[in-house]
Amino acid sequence: MRQDSLYDRKVVKRDGKFLKRLILVFVCAVVLSVLIFFSYIFINSKINSGTSLFDLKAKWREYNYKDVYDISSAILYERPCNYTALVFHGYSAFFLSLSENDTIQAQNYIEESITSLRQALISTTSEDDKIPQIEYMLGKAYFYKDYLSAYHYYADLSVKYLLSSINKGYKANDTAELLGLNYAALGMSMESISSFSEAIVDRNSDTLLLAIAEQYINAKQYETAEKYLHRISEDCKNEKIVLRSQYLLGQIYLEQNLFDNAAKEFNKIIESLDGAENSADAYYGLGLVYEKQGDLVKARSEWRKVLRIQSNHQGAVSALKRISDLKN
């Protein structure tokens with residue numbers, strides 16, 4: 001009996017240990033299952049819902065701005081202050097605006113770009129090394145908004161953010177040119193010339209030469225402007241830029257009362273265009289030459305040619321009215 005009792009106690013003890021181990025294994029299995037389940041839910045919600053920052057950056061590297069815009073929009077719907085999503089939303093909206101043919105939609109995109117980038121700046125700290133680049137993009141966005149609006153209400157804001165990005169150590173290849181264009185829009189000719197001259201060091205182009213010449217004309221520094229325009233006329237292969245430079249030369253000669261030189265430049269344009277709509281300004285300039293020479297009959301003749309080409313040409317309409325008023 002004693003031996004049976006000892007045996008029974010050993011069996012009970014072994015069964016108790018087994019049961020404890022079984023419960024422990026079961027609890028561990030349950031905890032592991034719960035962790036796996038919630039990890040799956042979390043990862044799945046991030047990746048499959050279209051709100052993954054990983055996917056956002058991957059699409060950006062592919063230059064797929066529409067997908068970047070859509071994914072960042074989804075992220076911002078759930079987390080309106082997400083810094084990374086705000087930045088990428090601002091960038092993608094900007095590039096979508098550039099490629100948009102519908103002006104209204106382009107304006108909507110540029111507004112979104114500006115709003116997102118400004119919100120991103122608010123959420124940064126002063127130590128964030130991405131601030132200068134965000135400010136540069138914000139400057140570009142304001143420049144394009146200024147262009148789309150047809151009124152120079154935003155050029156000063158573009159200058160503000162571009163200069164701030166420079167002061168913080170960031171300068172892109174087109175920063176100087178953007179500043180030159182903004183200064184030109186603001187009527188700041190000498191600042192514009194300085195920026196364009198800086199830009200032309202990195203990218204020598206006829207477009208920049210023409211822009212510099214136009215600003216020198218605005219500053220009434222005709223001799224310097226003439227040098228740039230002659231340089232274009234001699235070397236440029238772009239007919240549109242050459243014709244523009246010839247017209248500006250005609251204007252300069254007209255201002256200096258060099259009537260033969262002015263007429264020569266305007267006639268070059270007329271011969272090149274053979275009466276096309278773009279020759280309206282040249283006929284108008286030729287009419288001004290004759291007016292200054294006192295030949296009002298020839299002046300009126302040239303201005304009538306202008307109206308046959310472009311019926312709403314304000315210069316020709318005003319000039320004919322002015323001559324008519326003088327007669328009366």
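Preceding block: the structure.
Residues numbered from 1 in each chain as written. Predicted model: local features only at pLDDT ≥ 70, side-chain atom pairs only at ≥ 80, totals over all residues. Heavy atoms only, no water.

**Some words on the overall build of the protein**
Part 1 of the argument: Across its full length, the protein carries 16 helices and zero strands.
Part 2 of the argument: Residue burial in the protein is summarised as follows: out of 328 residues, 39% are buried.
Part 3 of the argument: Across the protein, every contact between residues at least 6 apart in sequence was considered, and the portion connecting residues at least 24 apart equals 47%.
Part 4 of the argument: In the form shown here, the protein has an accessible surface area of approximately 19800 Å², with 54% of it arising from carbon and sulfur atoms. (Helix = DSSP H or I, 4+ residues; strand = E, 2+ residues; numbered from the N terminus. Buried < 20%, exposed > 50% of the residue type's maximum accessible area, 1.4 Å probe, protein only. Contact = heavy atoms within 4.5 Å. Areas by Shrake-Rupley, 256 points an atom, 1.4 Å probe, with all protein chains shown as cover.)

**Some thoughts on the pattern of salt bridges**
Part 1 of the argument: Under the definition given, this model contains twelve salt bridges.
Part 2 of the argument: Arg-203 is the partner of Glu-177 in a salt bridge, and the nearest nitrogen-oxygen pair spans 2.4 Å. With Glu-177 in helix H8 (residues 175–185) and Arg-203 in the loop between helix H9 (189–202) and helix H10 (206–218), the pair connects residues that are 26 residues apart, well separated along the chain.
Part 3 of the argument: Note on Glu-177: relative accessible area 18%, which makes it buried.
Part 4 of the argument: Glu-265 is the partner of Lys-268 in a salt bridge, and the nearest nitrogen-oxygen pair spans 3.5 Å. Of this pair, Lys-268 and Glu-265 both sit in helix H13 (residues 259–273), three residues apart, which is roughly one turn of the helix.
Part 5 of the argument: Among the residues examined, Lys-268 registers a relative accessible area of 32% and is labelled partly exposed. (Salt bridge = Lys/Arg side-chain N within 4 Å of Asp/Glu carboxyl O.)

**Quick notes on H13**
Part 1 of the argument: Taking 1.5 Å per residue, 15 residues should reach 21 Å; H13 reaches 21 Å between its end C-alpha atoms and fits that length.
Part 2 of the argument: Within the span of H13, buried status applies to Phe-259, Ala-262, Ala-263, Glu-265, Phe-266, Ile-269, Ile-270 and Leu-273. Along the axis of H13, the buried residues cluster in a sector spanning 160°; they form a single face. For H13, the exposed residues lying more than 90 degrees away from the buried face are Asp-260, Lys-264 and Glu-271.
Part 3 of the argument: Structurally, H13 contributes buried residues whose contacts are with helix H12 (239–255) and helix H14 (280–292). (Expected span 1.5 Å × (residues − 1). Arc of directions from axis to C-beta.)

**Topic: the nonpolar core**
Part 1 of the argument: Core analysis: the biggest nonpolar cluster contains 49 residues, and Ile-212, Ile-217, Leu-229, Ile-232, Tyr-284, Val-289 and Trp-303 have the highest contact counts within it.
Part 2 of the argument: For this core, the secondary-structure elements that each account for two or more residues are H9, H10, helix H11 (222–235), H12, H13, H14, helix H15 (296–309) and helix H16 (314–327).
Part 3 of the argument: When residues in this core are grouped by element, the largest group, nine residues, is from H12.
Part 4 of the argument: When residues no more than four places from it in sequence are discounted, the contact partners of Trp-303 are Tyr-283, Tyr-284, Gly-287, Leu-288, Glu-291, Ala-316, Ala-319, Leu-320, Arg-322 and Ile-323.
Part 5 of the argument: By size, the runner-up hydrophobic cluster in this structure holds 33 residues, among which are Leu-86, Phe-94, Leu-148 and Leu-162. (Core = buried A, V, L, I, M, F, W, Y, C linked by side-chain atoms within 4.5 Å.)

**Some words on unusual backbone geometry**
Part 1 of the argument: Backbone geometry places Lys-220, a non-glycine residue, at a positive phi of 60°.
Part 2 of the argument: For Lys-220, the position within the fold is in the loop between H10 and H11.
Part 3 of the argument: A relative accessible area of 61% means that Lys-220 is categorised as exposed.

**Observations concerning the packing of aromatic side chains**
Part 1 of the argument: In the structure shown here, the tally under the stated rule is 15 aromatic pairs.
Part 2 of the argument: A centroid spacing of 5.7 Å and a plane angle of 20° characterise the contact between Tyr-144 and Tyr-147, whose relative ring orientation is stacked. One end of the pair is Tyr-144 and the other is Tyr-147, both in helix H6 (residues 131–149) and three residues apart, which spans about a single turn.
Part 3 of the argument: Where Tyr-216 meets Tyr-228, the ring centres are 5.9 Å apart and the plane angle is 20°; that geometry is what we call stacked. Of the two residues, Tyr-216 is situated in helix H10 and Tyr-228 in helix H11; the sequence distance between them amounts to twelve residues. (Phe/Tyr/Trp six-rings, centres within 6.5 Å; stacked < 30°, edge-to-face > 60°.)

**Looking at the packing of H12 against H13**
Part 1 of the argument: For the pair H12 and H13, interaxial distance at closest approach is 7 Å and the crossing angle is 155°. It follows that H12 is roughly antiparallel to H13 by the angle criterion. At the point where H12 passes H13, the crossing takes the left-handed sense. On the side of H12, the interface is formed by Glu-239, Leu-243, Gln-246, Tyr-247, Leu-249, Gly-250, Gln-251, Tyr-253 and Leu-254, while H13 contributes Phe-259, Asn-261, Ala-262, Glu-265, Phe-266, Lys-268, Ile-269, Ser-272 and Leu-273. (Axes fitted to C-alpha atoms, helices over the stretch in contact; angles between N-to-C directions. Parallel < 35°, antiparallel > 145°, perpendicular 65-115°, else oblique. Left-handed = near helix turned anticlockwise from the far one by under 90°.)

**A look at the layout of surface pockets**
Part 1 of the argument: Of the voids in this model, the largest pocket is the one considered here, and its volume is about 320 Å³.
Part 2 of the argument: Every residue lining the largest pocket is counted, 15 residues in all, and those nearest its centre are Phe-143, Leu-181, Ala-184, Phe-196 and Glu-214.
Part 3 of the argument: Looking at the lining of the largest pocket, the elements that each hand over two or more residues are H6, H8 and H10.
Part 4 of the argument: By residue number, the principal contributor to the lining of the largest pocket is H10, which donates six residues.
Part 5 of the argument: Looking at the lining of the largest pocket residue by residue, the classes come out as nine nonpolar, three polar and three charged.
Part 6 of the argument: Taken as a whole, the second largest pocket spans an internal volume of roughly 220 Å³.
Part 7 of the argument: Along its surface, the second largest pocket is lined by Lys-240, Leu-243, Arg-244, Tyr-247, Ile-269, Leu-273, Asn-278, Asp-281 and Ala-282.
Part 8 of the argument: Contributions of two or more residues to the lining of the second largest pocket are made by H12, H13 and H14.
Part 9 of the argument: In the lining of the second largest pocket, the residues fall into five nonpolar, one polar and three charged. (1 Å grid on protein atoms, 1.4 Å probe; cavity = no way out; pocket = protein on both sides within 12 Å on 5 of 7 lines; lining within 4 Å. Points joined across faces, edges and corners; volume = space filled by probe spheres on them. Nonpolar A, V, L, I, M, F, W, Y, C, P; charged D, E, K, R; others polar.)

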